[in-house]
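The chain contents come next:
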Amino acid sequence: MPHAQPVRKYDADRDADAVDRIHREVGWLGGSLPKPRADARERFIRDSTAIVADIDGVAECYAASMPGSMLYRGRPIAFSGITSVLTSRIARQRGLAGATTAALVRRAALDGATVMGLGMFDQGYYERHGFGTGAYDHYAMFDPSLLNVPYCRRTPVRLTADDCEQMHAARLRRLRAHGAVSLDSSATTEFTARRSDGDFGLGFRDGAGGQLSHHLWVNPDRPGTGPYKVLWMAYETYDQFVELLGLLRNLGDQVYLVRVVEPGGIQIQDFLDRPFRRHAEAKGGTYETYSTAVANFQFRVLDVTRAVDAVASAHSAEVSIRI
Ligand SMILES: CC(C)(COP(=O)(O)OP(=O)(O)OC[C@H]1O[C@@H](n2cnc3c(N)ncnc32)[C@H](O)[C@@H]1OP(=O)(O)O)[C@@H](O)C(=O)NCCC(=O)NCCS
């Protein structure tokens, strides 16, 4: 594989069409985007550190990252998240993705990030760039009518993609478990929220001055009986988490299956009545309930001194490093 491919910063005027084509060729974009979604995508790119690699003067590979923070032992550490790595159909297997990824790693280190992370397409590739696989995410598929929390008797507010600034602020304030990551730009929330017309949010404005305190955002894979995928939940207290589960239970007369990525420190099974019976009854069917675990994310250290500092925090530590 050739190395040291030349890369350069993305330039919207010069590269927008080529980068659009790359996204379409890999299947990350299809059809024409409605204007709000196209605008959200443009903002997402603008708020990113975006790098391209050319063939014959045309961008054929695109990679991007965004700054954020990771909660490590209760303290935020500076984080950079790789959000895209794509190579066009004519440019594969010549090291362009590797070169743009390496440029992002270098840039994030220079910008002061302690740790970098990404969602991997598969395991194996990013190890070449120093990444290792993180913890499992647990996906819980359950019948919301079997949640053992009280129905939510308060009326929630409806949220739409137009509320993305408030939703993003609430996500940044959310109760985070060890290792949880937030990306700074609200473009991340807006771009996801505008992905599909049928997606919706429900929440409560219990914060000072009516500030959004807790909410969830849902993609009804199949409107009607579901499955409904909860794309994110944001809450500041565990009582608020239980209230959000209550909202899902409210939908349980109609919706047969909900998918939640378990927040850190939570086991959805604790909140279900007779989960084994339900699993046996629904086995093999469209609404089968089950939990599955997969590690989707990889991470690497960028600043060893600060990373060791975060691990050691108040305690003294002896560290030996093999390079
Ligand atoms: C993934 C992708 C960006 C790679 O682009 P590329 O420019 O062809 O990649 P590179 O030339 O830098 O690297 C290719 C090398 O990686 C290797 N590789 C690819 N996947 C691998 C894996 N899972 N494990 C180990 N090696 C892997 C290839 O075998 C090849 O190695 P070789 O040259 O030693 O044979 C490209 O396939 C793509 O755009 N896919 C669709 C979008 C996508 O999934 N992006 C990743 C998001 S995380």
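Residues numbered from 1 in each chain as written. Predicted model: local features only at pLDDT ≥ 70, side-chain atom pairs only at ≥ 80, totals over all residues. Heavy atoms only, no water.

Undergrad: Before we go on, may I ask you to explain the packing of aromatic side chains in this structure?
TA: Centre-to-centre distance and the angle between the planes together describe a pair of aromatic rings. In the structure shown here, the tally under the stated rule is 13 aromatic pairs. For the pair Phe 121 and Tyr 126, a centre-to-centre distance of 5.9 Å together with 75° between the ring planes defines the contact as edge-to-face. On the basis of relative accessibility, which here comes to 62%, the residue Phe 121 falls in the exposed class. Here Tyr 126 falls in the buried class, since its relative accessible area comes to 5%. (Phe/Tyr/Trp six-rings, centres within 6.5 Å; stacked < 30°, edge-to-face > 60°. Buried < 20%, exposed > 50% of the residue type's maximum accessible area, 1.4 Å probe, protein only.)

Undergrad: How do you make sense of the site of the ligand when you look at a structure like this?
TA: Near the ligand lie 21 residues; those nearest to it are Val 85, Thr 87, Gln 93, Gly 95 and Tyr 125. Taking Arg 94, its main chain carries an N or O atom lying 3.3 Å from an oxygen atom of the ligand. The backbone of Gln 123 places a nitrogen or oxygen atom 3.0 Å from a nitrogen atom of the ligand. Protein chains shield 73% of the accessible area of the ligand, which is 970 Å² for the free molecule. Of all elements in the fold, only β4 (75–87) and α3 (96–110) reach the threshold of two or more residues within the shell around the ligand. Taken together, the residues of the shell around the ligand break down into 10 nonpolar, 7 polar and 4 charged. (Near = heavy atom within 4 Å. Polar contact = N/O pair within 3.5 Å; in protein donor to acceptor, adjacent residues only side chain to side chain. Areas by Shrake-Rupley, 256 points an atom, 1.4 Å probe, with all protein chains shown as cover. Helix = DSSP H or I, 4+ residues; strand = E, 2+ residues; numbered from the N terminus. Nonpolar A, V, L, I, M, F, W, Y, C, P; charged D, E, K, R; others polar.)

Undergrad: Honestly, unusual backbone geometry in this entry has me stumped. Any pointers?
TA: Going from Gly 226 to Pro 227, the amide bond is cis rather than trans, its omega being 10°. As for its position among the elements, Pro 227 is in the loop between β11 (214–220) and β12 (228–234). Positive phi, close to 50°, is recorded for Arg 73, a residue that is not glycine. Among the structural elements, Arg 73 can be located in the loop between β3 (58–72) and β4. Note on Arg 73: relative accessible area 44%, which makes it partly exposed.

Undergrad: Sorry if this is basic, but what is going on with the domain arrangement of the protein here?
TA: By a widespread convention, an interface's size corresponds to the accessible area lost as its parts come together. Under the domain assignment used here, the protein contains domain 1 (7–134 + 296–312) and domain 2 (137–294). Placing the centre of domain 1 and that of domain 2 at their C-alpha centroids yields a distance of 27 Å. Taken together, the contacts link 22 residues of domain 1 with 22 residues of domain 2. Interface of domain 1 and domain 2: buried area, both sides summed, is about 1,800 Å²; carbon and sulfur atoms make up 57% of it. The largest per-residue losses of area from domain 1 upon contact with domain 2 belong to Arg 37, Arg 43 and Leu 71, which jointly make up 32% of the total buried on that side. If you look at where domain 1 meets domain 2, you find 2 salt bridges. With a closest N to O distance of 2.9 Å, Arg 43 and Glu 190 form a salt bridge. For the interface between domain 1 and domain 2, the tally reads 11 residue pairs in polar contact (both at pLDDT 80 or more). Contributing elements (two or more residues each) for the side of domain 1 that touches domain 2: α2 (35–46), β3, β4 and β15 (297–301). It is β3 that contributes the most residues to the side of domain 1 that touches domain 2, 7 residues altogether. (Domains from an automatic or database assignment. Contact = heavy atoms within 4.5 Å. Buried area = accessible area lost by both parts, 1.4 Å probe. Salt bridge = Lys/Arg side-chain N within 4 Å of Asp/Glu carboxyl O.)

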